[in-house]
Structures are given as structure tokens and as C-alpha cells.
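Listed here are the chains, written in short residue letters.
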Amino acid sequence: MAQQLRPPVITIMGHVDHGKTTLLDYIRKAKVAAREAGGITQHIGAYQVEHQGKKLTFIDTPGHAAFNKMRERGADVTDLIVLVVAANDGVKPQTIESIRHIKRSNKPFLVAINKIDMEGVYPDMVKAQLAEHDILVQGYGGDVETIELSAKTGKNVDKLLETLAVMAELAEFKADPEAPLEAIVIEATLDNKRGPVASVIVKNGTLKVRQDLTVEDIEGRVRQLTDENSNQLQAVLPGSPAEIVGLKKVPPVGSMVKEVGRDYAEKVENEAAGSELVDADQSPAAPVDPFADLDVDFAFGDKEKLTLIIKADVEGTLEVIKQNLDPDSVEILASGVGQVTEQDIELAQASDARIIAFHIKVPTKIRDLAKQNGVKIKEYDVIYKLIEDLQKQILRLMEPTIDEVVIGEAEILQIFEMKGERIAGVRVKTGEIKRSDLMHLKRGDEILANPVIKSMMHGKEEIQSLKAKNEGGLTFKNKKLNFQVGDILQAYKESDE
């Protein structure tokens, strides 16, 4: 066994909108797509480029949370860090957060001052601001390297890659390809066709097809290895990324992948041969349970909290979202990777939760089911927009009627029961109430629930709306809705939507 030089693993960090993704995209398109016919066809959380004959591996996941999650688990995968700061914006809150991560990690880093293609920008202002946070760059009393570049035009991006290659050469990052396997999970997802999929970077040893693996309490065998271009691989050496198909569950980000001994290999062989050792629930051929990786907490929390079910495309993104939410204001009822399902709708309806779908296309069938059950599903592609939207919704919890326009109010005068359903006999006091309106059920000044009208009757006739001074009978989709005589039903619309 002998230590050999390996490619460095590089993480890019910085404030939102300062150009981290643009920089990664430019490097990937310029250096990877040019090398591989067909270009990038999938996202595996990392990719490798070659610059002047030297390989560099970039972690292509949302920086802070994924980086922090790995450190929490002792998964020391990053070798070098690039701190991106926009020349037109300077040091911002997430820049400061990045600086804290960098200092705690004690990793070599450089500063990329981005957006120098814009007019009226002052890179020196950025350098002075960094000094206020004890990041002393060259020319400002320190030795931290800075590269002034434009991720949009590509100006000086080659210089950045050259500098990273030199830093790696000086540090001499080494690993032993013959050592026992150690690979770090940097991304994970549940694919509808392939089942659990894990993106990893090999830290030590060699990852191979048909290798028997364990990730914490998850077992599996490598059925397929691919790179970021969907190319099939037979082996992956230290410092390189790959995507693994063959694990039985979706592993946590930051967990360590290891090879297991012959005992487990024999067990897998026996299972494949239909031996008595087969446990149907554990068989690799068993259908994938989309809820196997859900982290469910059935303590619904106080009404002051925003109750959410969060589904994302990959584990790393899910961690970013969860770590950006204030636990004092948000109750995460369930979270997981993969599609929004009927079970999610049922859980949301039972607990008055809303569903967040990030980088996931919600099927029309699921969307229709949610609408029928009064469940809100919000889809997002940009994390900071999701966070901003949730902050607005939290404000509505503190002031429930913020950004709302009342369009009608009705008082519950009587309650009837028919065929197992409770019917609210109401009289409209002001405005108009339509069957399709957004509703609040209020008792005094308190909003008790946001019911969805199932039917609206006037005598024996089913109607779609009731105007002021008219009476009617209402049933609701939530059969457990606890309404009383004297409660107010308030129809409203949201002024910002």
C-alpha cells in the first residue's frame, strides 16, 4: 500500500446571488462539456474538470448546509475553499457565515471577487471589508490570494483554476487506492426508476462495481457507477466523484460509505439465489418504499408555528432548506427526497400543513388531489425565494390577515346533522361567499382553521355562491372541523397573489 497524489476537492461558498452557481456552471461548461461529447446529462453533486493536465474536483451542492452537515458527521471531504464575494455588493450576511465555516474548518482558501464585468465596482472595497472580518488578503496585510473575475464572461476563471491547481500541488493531497474504501455521501435522492441513489466522493481506497457496501445501517451492492456525464464506470479512485445505484435506502449527506466483508457478500449471494436467508422486506429486488427515508415528527406543535411537509429532489438541498428555517417559527412535520405522494396530501390535510416541493414537478393527479382536500402545495426552484416566501407566511402567523382582503362574512346560526355530516346553517352578513373562496373559521378574534367548502345549499338546490342577507347550508371537506353556533366564516383573497 502506498500513498499517491490525488485531485483536490473544492467547495465554493458565499452569499446568495454573488455568483457561486454561475461560476460552477461556467467551469463545468468550459472544461467538462468540451471534453465529453453530449455534455452534462445529470446532476450528481460534484464534477471533475481537467486544467492543464491537472484534475480538480468541485462539490456542486448548496454550500453552507451540506458543508456543515459533513463536518458534523466528521466527514472531512473538502480540501480547498473558494469564497465568492460580489464586487458590486461586498460582504453580506452569508459571506460572514461562510467566513465562520472557513475558520472552523482550518482549510486553505482563496477569495474570488466576482462580477468585475459590471460598471462602477470597487474590488478594493471588498478587500477592506474582508479585513474587518479578519480575512487579510494580499496587499491588505495578509497572504490570502484574491482573484478578480467574472463568472458571467469567464474573465480570469482560468487564473482561478491555475491558482487552485498550484495550491493543491503545494499541499500534496494524497490517498491510498489500495486502502479500505472510504467515500463520503455528498448528495442522495430517491429515483423513481433506479431507487436510492447516492453521490459520493472517494476519500480513500477504490470504489468498484459489484462491491458490497455499508453506509451507517444501510447495506447494498454497487449495481451501477456513473460520472457526471452518465458514463459508466468500473472503478473510482480517491478524490473523484461518482453516483452509486444499489443501496437499499437513501443515505444521509455526510455519511461514510465503506466496503463490507465476505460474510455480507455471501448473504447477498444467498438472497439473490432465493435462499432461506431471504427477508422479503430487505431484498434488493423489493419495491422501493418512498417513505423509507422520511423523517416524520407527529408532534404537530403550536398554532403559532408554520407546519410544513418538505419534499426535495436531493438530500443536500433538503438539508439546506431545513437549516435555513427557524425552529421557533416552523414545525417540520415530515421531510424527504422524492415525489409528493397521496400520503403526503393525507398527512398535510390531517394536520393543516402546507407542502413545499423543491426542484420537483408535482403530477397533475397529486395537484388535483391537494386542491380537493384544501392542501396548499408550493413549488420552488430557487432556495432564497423559498425562504423569503416562508418568512412572509410566518409574518401571517403573527398577523394572520396581513396581505388579505376580506370579501365576505357569514355567521353560523344553526348546526344540523345529515348522513353523518355536520351542516353549518349560515347567514351572509357582508359581501359574498363563493364555494371556491379561501376561508377562515373565526371564533371572536381567533382563527381556528382554514376550512374548504365541500357543498353549498339553498334549500334543496346546490349553489355556488351566497350574497349578503341570504342563508344557506355549508358542509366542509374536513369532517372533523369543530365549528359552533356564533362562529364566523370569513371569505378572503390574498392581495399579493
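Residues numbered from 1 in each chain as written. Predicted model: local features only at pLDDT ≥ 70, side-chain atom pairs only at ≥ 80, totals over all residues. Heavy atoms only, no water.

Chemist: How do you make sense of the overall build of the protein chain when you look at a structure like this?
Modeler: Summing up its helical and strand segments, the protein chain has 10 helices and 29 strands in all. Buried residues in the protein chain amount to 49% of all 497 residues. By element, 47% of the accessible surface of the protein chain is carried by carbon and sulfur atoms, the whole surface being about 24500 Å². (Helix = DSSP H or I, 4+ residues; strand = E, 2+ residues; numbered from the N terminus. Buried < 20%, exposed > 50% of the residue type's maximum accessible area, 1.4 Å probe, protein only. Areas by Shrake-Rupley, 256 points an atom, 1.4 Å probe, with all protein chains shown as cover.)

Chemist: I would appreciate a short explanation of unusual backbone geometry in the present structure.
Modeler: Note: most peptide bonds trans; most residues except glycine with negative phi. Not every positive phi belongs to a glycine, and Gln-52 is a case in point at roughly 50 degrees. Relative to the helices and strands, Gln-52 is located in the loop between β3 (46-51) and β4 (54-59). What makes Gln-52 exposed here is its relative accessible area of 62%. At Asn-106, a position not held by glycine, the phi torsion is positive, near 60 degrees. As for its position among the elements, Asn-106 is in the loop between α3 (93-105) and β6 (109-114).

Chemist: Explain the packing of aromatic side chains to me, please; I cannot follow it from the model alone.
Modeler: The relation between two aromatic rings is expressed through the spacing of the ring centres and the mutual angle of the planes. Counting across every chain of the model gives 2 aromatic pairs. The ring of Phe-483 has Arg-422 lying over it, and the distance from NZ or CZ to the ring centre is 4.3 Å. (Phe/Tyr/Trp six-rings, centres within 6.5 Å; stacked < 30°, edge-to-face > 60°. Lys NZ or Arg CZ within 6 Å of the ring centre and 35° of its normal.)

Chemist: Even after reading the chapter, I still don't get the pattern of salt bridges, so can you show me in this structure?
Modeler: Where side chains of opposite charge bring their charged atoms close, a pairing between them can arise. One pass over the full model with this rule turns up 17 salt bridges. The salt bridge partner of Arg-6 is Asp-79, with a shortest N-O separation of 2.7 Å. Taken together, the residues Arg-6 in the loop between β1 (4-5) and β2 (9-14) and Asp-79 in the loop between α2 (63-72) and β5 (80-86) connect sequence positions 73 residues apart. Neither Arg-6 nor Asp-79 differs from the other in exposure class; each is buried. Notably, a salt bridge pairs Lys-311 with Asp-344, separated by 2.8 Å at the nearest N-O pair. With Lys-311 in strand β17 (residues 306-312) and Asp-344 in helix α8 (residues 342-351), the pair connects residues that are 33 residues apart, well separated along the chain. (Salt bridge = Lys/Arg side-chain N within 4 Å of Asp/Glu carboxyl O.)

Chemist: So what exactly am I meant to see when it comes to the confidence of the model for the protein chain here?
Modeler: Low-pLDDT stretches of the model should not have their predicted coordinates read in fine detail. Within the protein chain, residue pLDDT values average 82, and 83% of them lie at 70 or more. Residue range residues 33-42 is modelled with pLDDT below 50. Its contacts to residues more than four positions away, or to other chains, number 22 contacts. pLDDT under 50 marks residues 274-303. Its contacts with residues more than four places away, or in other chains, come to 44 contacts. (pLDDT = per-residue confidence, 0-100. Contact = heavy atoms within 4.5 Å.)

Chemist: Looking at this model, I keep getting lost on helix α5 (residues 157-171). Mind explaining?
Modeler: Look at α5: 21 Å from first C-alpha to last across 15 residues, which is about the 21 Å you get at 1.5 Å a residue. Those residues of α5 not exposed but buried are Val-157, Leu-160, Leu-161, Thr-163, Leu-164, Ala-165, Met-167 and Ala-168. At the exit of α5 stands Glu-172, carrying a positive phi of roughly 55 degrees. (Expected span 1.5 Å × (residues − 1).)

Chemist: I would appreciate a short explanation of the environment of Gln-94 in the present structure.
Modeler: In this structure, Gln-94 sits in helix α3. Owing to a relative accessible area of 21%, Gln-94 belongs among the partly exposed residues under this scheme. Residues Gln-94 and His-15, 79 residues apart in the sequence, show an inter-C-alpha distance of 4.4 Å.

Chemist: Got a minute to help me understand helix α4 (residues 123-132) in this structure?
Modeler: Note on helix geometry: an α-helix contains 3.6 residues per turn, so any two residues three or four positions apart are oriented the same way. Among the residues of α4, Pro-123, Val-126, Lys-127 and Leu-130 are the ones counted as buried. Axial view of α4: buried residues confined to an arc of 100 degrees, hence all on one face. (Arc of directions from axis to C-beta.)

Chemist: Explanation requested: the sheet that holds strand β19 (residues 354-358) in the structure shown.
Modeler: Sheet strands line up and pair through hydrogen bonds in the backbone, either parallel or antiparallel. Read across the sheet, 4 strands follow the order β18-β17-β19-β20 without closing on themselves; strand pairing throughout is parallel. Strands at the two margins of the open sheet, each flanked by one partner only, are β18 (330-337) and β20 (377-380). Put simply, the sheet's adjacent strands are angled 20 degrees from each other on average, direction ignored. In the sheet, β19 pairs with β20 via 4 bridges, with the strands oriented parallel. From the neighbouring strand, Ile-355 faces β20, where its bridge partner is Ile-377. (Pairing = 2+ DSSP bridges. Axes fitted to C-alpha atoms, helices over the stretch in contact; angles between N-to-C directions.)

Chemist: Would you explain the pairing of strand β22 (residues 421-434) in this entry?
Modeler: Side-chain direction in a regular strand flips from residue to residue, so the side chains alternate between the two faces of the sheet. In this structure, strand β21 (residues 404-418) lies alongside β22, joined through 10 bridges in antiparallel fashion. From the neighbouring strand, Glu-417 faces β22, where its bridge partner is Arg-422. Note: β22 against strand β28 (residues 471-476), 4 bridges, orientation antiparallel. Counterpart to Val-426 in the pairing with β28 is Gly-472. As paired strands, β22 and strand β27 (residues 465-467) are joined by 3 bridges and run antiparallel to one another. Within the sheet, the bridge partner assigned to Lys-434 lies in β27 and is Ser-465.

Chemist: For this particular structure, what's the right way to read the environment of Pro-241?
Modeler: Inspection of the secondary structure puts Pro-241 in strand β15 (residues 241-247). A relative accessible area of 6% places Pro-241 in the buried class. Here the alpha-carbon distance between Pro-241 and Ser-199, two residues 42 residues apart in the chain, equals 7.2 Å.

Chemist: Before we go on, may I ask you to explain the pairing of β17 in this structure?
Modeler: In terms of burial, β17 is largely enclosed, as 7 of its 7 residues are buried. Residues of β17 alternate between two faces, with Leu-306, Leu-308, Ile-310 and Ala-312 on one and Thr-307, Ile-309 and Lys-311 on the opposite face, all of them buried. Direction of pairing for β17 relative to β18: parallel, over a ladder of 7 bridges. When the bridges of β18 are listed, Leu-306 appears paired with Val-330. The parallel pair β17 and β18 is bridged by helix α7 (residues 315-323), and the resulting crossover is right-handed. One ladder, built from 5 bridges, connects β17 with β19; its direction is parallel. (Right-handed = clockwise from strand over helix to strand, strands pointing away.)

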